[in-house]
Amino acid sequence: MAKERSGDPQLQQLFATLKDREFQHLETFRRLYSDLAARGGDPDAELWLLDEEISAYFRSYVDSAAFPGRGVAER
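Counting of residues starts from 1 at the beginning of each chain's written sequence and follows it residue by residue. In view of the model being predicted, local features appear only for residues whose pLDDT reaches at least 70, and side-chain atom pairs are presented and counted only at 80 or more, with totals across whole chains, interfaces and linings using the full set of residues. Each side-chain value is worked out from all heavy atoms of the structure, with water and hydrogens disregarded.

Caption draft 1: Looking closely at the side chain of His-25. Secondary structure elements follow DSSP: runs of H or I no shorter than four residues count as helices, runs of E no shorter than two count as strands, and numbering proceeds from the N terminus. By the element assignment, His-25 lies in helix H2 (residues 9-38). Discounting residues that sit within four places of it in the chain, His-25 has contacts with Tyr-57 and Tyr-61. Whether two residues are in contact is decided by their heavy atoms: any pair within 4.5 Å suffices.

Have a look at this one:
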């Protein structure tokens, strides 16, 4: 794993944080999938994109993580 390969403590912390976030994302998507399946119908259908809760999650994620603000990447 990248964390173990890096000798830089800051990079190790970054990789650990990224790993934790990926597990959080996995659990979020599992919950969303289960919620849709419990409602009936086909959770694999493309209409899940129209679900308000899922759309709000994606919008929030993109606004806060994917594009957190000008200058963040440079820091």
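Caption draft 2: The arrangement of the pattern of salt bridges in detail. When a carboxyl oxygen of Asp or Glu is within 4 Å of a side-chain nitrogen of Lys or Arg, the pair counts as a salt bridge. Considering all chains together, one arrives at two salt bridges under this definition. The residue Arg-30 makes a salt bridge to Glu-27 at a minimum N-O spacing of 3.1 Å. Here Glu-27 and Arg-30 lie together in helix H2, a separation of three residues that amounts to about one turn. Each residue gets one of three labels from its accessible area relative to the maximum for its type: buried under 20%, exposed over 50%, partly exposed in between, using a 1.4 Å probe on protein chains only. On the accessibility criterion, Arg-30 (46% relative accessible area) is partly exposed.

Caption draft 3: Seen up close, a nonpolar patch on the surface. On the surface, a nonpolar cluster with roughly 240 Å² of combined accessible area is contributed by Leu-11, Leu-14 and Leu-18. Residue placement: Leu-14 occurs in helix H2. Leu-14 sits in the partly exposed class, given a relative accessible area of 42%. Residues qualify for a patch when their relative accessible area is over 30% and they have no salt bridge, like charges being joined within 9 Å and the nonpolar side chains of Val, Leu, Ile, Met, Phe, Trp and Tyr within 5 Å. All accessibility values rest on the Shrake-Rupley procedure with a 1.4 Å probe; residue burial counts only the protein chains present in the view.

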